[in-house]
Amino acid sequence: MSNLSRTGVSLDGDLLKEFDRLITKRGYKNRSEAVRDLIRRALLEEDVDSNKSVVGTLTLVYDHHIPNLSEKLTDVQHRAGAMILAATHVHLDHHYCLEVIIMKGKSRELQAVADGILALRGVELGKLVLTNSGKDLKSHTH
Ligand code: NI
C-alpha cells in the first residue's frame, strides 16, 4: 500500500460498540480493515450507478427441460457479444443446470443482459453481482 494516510473518526460510544460487534461477526481483524471495506463498497456503488465499466458475474439456475431455454440462453449471450468474457456450466441434477456468466461492460448494459436472462421462463434463480477491477480501489496490501 502506498501513500498510507491516517484519519480519526468521532463516534458515539454505542455506535462504536455495535460496529465492533458487527466486525467481529464478519471476521475482520481490526477496525481499519472494516472501515476500508465500507469505503470501498460505497465507492463501488457509486461506480455501479454510473456509466463506468465494471465486471459482473451472473449466477443462474435453470431447468434445461424447458423447451428452447438452452437455445435462448445461448442467443442472449451471442447478442451480448464481447460483453461476455466466460461462462461455466454445471449439470446439478437430472433437471437443473447452474451457470455462471462473467461479463464486462457498462453497469446498465450488464444489468440489461442479466434482466433479459433472468426473465426467461425456466430460469429459477439468478443474481448479478457487479464489481470492478480494483484498479482505482486497491484492496490488497501485497
Ligand atoms: Ni446442464
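Throughout, a residue's number is its position along its own chain's written sequence, starting from 1. In view of the model being predicted, local features appear only for residues whose pLDDT reaches at least 70, and side-chain atom pairs are presented and counted only at 80 or more, with totals across whole chains, interfaces and linings using the full set of residues. The basis for the side-chain values is all heavy atoms of the structure; hydrogens and waters are excluded.

Novice: Could you give an account of the coordination of the nickel ion, with specific residues and numbers?
Specialist: Counted as donors are N, O and S atoms no farther than 2.8 Å from the metal, or 3.2 Å for Na, K and Ca; water is not among the atoms, and sites may therefore look incomplete. In the first shell of the nickel ion, the protein supplies His89 (NE2), His91 (ND1) and Cys97 (SG), at 1.9 to 2.3 Å from the metal. The cut-offs for exposure are 20% and 50% of the maximum accessible area for each residue type, with area from a 1.4 Å probe on protein chains only; residues under the lower value are buried, those over the upper are exposed, and the others partly exposed. A relative accessible area of 3% places Cys97 in the buried class.

Novice: Give a detailed account of the sheet that holds strand β1 (residues 53-63), specifying residues and quantitative values.
Specialist: Reading across the sheet, the four strands line up as β2-β3-β1-β4 and stay open at both edges, with antiparallel pairing between neighbours. Every interior strand has two partners, whereas the edge strands, β2 (84-91) and β4 (123-131), have only one. Neighbour-to-neighbour, the strand axes of this sheet turn through a mean angle of 15°, independent of strand direction. Think of it this way: DSSP has to see at least two bridges between two strands before they count as a pair. For helices the rule is a DSSP run of H or I covering at least 4 residues; for strands it is a run of E covering at least 2, with both sets numbered from the N terminus onward. In the sheet, β2 pairs with strand β3 (residues 96-106) via seven bridges, with the strands oriented antiparallel. Opposite Ala87, over in β3, you have Ile101 as the bridge partner. Across the sheet, helix α3 (residues 69-80) is in contact with β1, β2, β3 and β4; its angle to β1 comes to roughly 170°. To get an axis, a line is fitted to the C-alpha atoms, and for a helix only the part in contact is used. The angle between two axes follows their N-to-C directions and goes from 0 to 180 degrees. Throughout, a contact is declared for two residues whenever any of their heavy atoms are within 4.5 Å.

Novice: Let's hear about the pattern of salt bridges: which residues, and what values?
Specialist: Salt bridge, as used here: a side-chain nitrogen of Lys or Arg that lies within 4 Å of a carboxyl oxygen of Asp or Glu. Per the counting criterion, the structure on display carries five salt bridges. Between Glu33 and Arg36 there is a salt bridge, with the nearest N and O atoms lying 2.9 Å from each other. Note that Glu33 and Arg36 are positioned in helix α2 (residues 31-49) at a spacing of three residues, about one turn of the helix. Taken together, the shared-partner salt bridges in this structure form one network comprising Glu33, Arg36, Asp37 and Arg40.

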